[in-house]
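Next come the chains, spelled out residue by residue.
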Amino acid sequence: MFLDIGAGILLSIFVGTIFDINISPLWIISGIVFALLPDVDMISYFLKTKILKKPVDDHRSFTHYPVIYIPLIVAAYFTVGAPYSLLLALCVYFHFIHDTVWLGWGISWFWPVASRKFKFFPDKHGKISSQFLMTWTKDEEIEIFRKYHNPSWVRDFYFRPNIVAYVEYSVFIIAFLVLVKLF
């Protein structure tokens, strides 16, 4: 999450500079929202797991299928223009790359053609593994989830020392400092 927010800020500044746009708070907030957009499915995930106490095997569902954003990006191009369209594309696809490396359950990059998920440099309890690539089907994912799911993943990845947290916090702090310097 902190990496996505930092990336949203930095990408907003980058795209704004390319298009010579006034870097306003609304523009920065747009970048942050676009970078977090795929995680909108976390709302239902937390409602189901924390409030309804139902087991859920995956939060990376429909909103984490890269192909569904192509019509949205094209629509943004024709309705609000190239700067917003480019910002949306960069932020959303950065999020997908981020979700494909290290933390989490990977991305179904080739959905709807294939539902296999991909993950590079998978983590093992907050430490980056030497394995380059993991892939799995939905059925395999359910079994992996049952075996390895960590219900305290937020605490373990964001509030305990590990390389994932260091990278996420570093990008967030750099983005914040760049933003402070800009304004």
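Remember, it's a predicted structure, so these values are computed and weren't measured experimentally. (Residues numbered from 1 in each chain as written. Predicted model: local features only at pLDDT ≥ 70, side-chain atom pairs only at ≥ 80, totals over all residues. Heavy atoms only, no water.)

Colleague: Explain the overall build of the protein residue by residue, including any values.
Modeller: Helix and strand counts for the protein come out as 8 helices and 4 strands. The N-to-C order of helical and strand elements in the protein reads α-α-α-α-α-β-β-β-β-α-α-α. In the protein, which comprises 183 residues, the proportion classed as buried is 40%. Summarising the internal contacts of the protein: among those between residues at least 6 apart in sequence, 57% fall at separations of at least 24. When the accessible surface of the protein is summed, it comes to about 10,600 Å², and 72% of that surface belongs to carbon and sulfur atoms. (Helix = DSSP H or I, 4+ residues; strand = E, 2+ residues; numbered from the N terminus. Buried < 20%, exposed > 50% of the residue type's maximum accessible area, 1.4 Å probe, protein only. Contact = heavy atoms within 4.5 Å. Areas by Shrake-Rupley, 256 points an atom, 1.4 Å probe, with all protein chains shown as cover.)

Colleague: Break down the nonpolar core for me, with residues and values.
Modeller: Ranked by size, the top nonpolar core spans 24 residues in total, and within it Ile9, Ile13, Ile28, Leu87, Leu88 and Cys91 carry the most contacts. Looking at this core, the elements that each hand over two or more residues are helix H1 (2–18), helix H2 (25–36), helix H4 (69–79), helix H5 (82–100) and helix H8 (163–182). Ignoring sequence-local partners within four residues, the contact set of Cys91 consists of Gly8, Leu11, Gly31, Phe34 and Ala35. (Core = buried A, V, L, I, M, F, W, Y, C linked by side-chain atoms within 4.5 Å.)

Colleague: Summarise the side chain of Glu168; cite the residues concerned and give the values.
Modeller: Looking at the element boundaries, Glu168 is found in helix H8. Take Glu168: its relative accessible area is 2%, and that puts it in the buried class. At 3.2 Å, the side chain of Glu168 and the backbone nitrogen of Leu3 are in polar contact. (Polar contact = N/O pair within 3.5 Å; in protein donor to acceptor, adjacent residues only side chain to side chain.)

Colleague: Tell me about the pattern of salt bridges, and please be specific about residues and values.
Modeller: One pass over the structure, following the stated rule, counts 1 salt bridge. Across the salt bridge formed by Glu140 and Arg116, the nearest N and O atoms sit 3.9 Å from each other. Pair noted here: Glu140 is in helix H6 (residues 138–148) and Arg116 is in the loop between H5 and strand S1 (117–120), with a separation of 24 residues, a long-range link. Here Glu140 falls in the partly exposed class, since its relative accessible area comes to 39%. (Salt bridge = Lys/Arg side-chain N within 4 Å of Asp/Glu carboxyl O.)

Colleague: Let's hear about a nonpolar patch on the surface: which residues, and what values?
Modeller: On the surface, Val67, Ile70, Val74, Tyr77 and Phe78 cluster together into a nonpolar patch covering about 490 Å² of accessible area. Relative to the helices and strands, Val67 resides in the loop between helix H3 (42–51) and H4. (Patch = residues over 30% accessible without salt bridge, like charges linked within 9 Å, V, L, I, M, F, W, Y side chains within 5 Å.)

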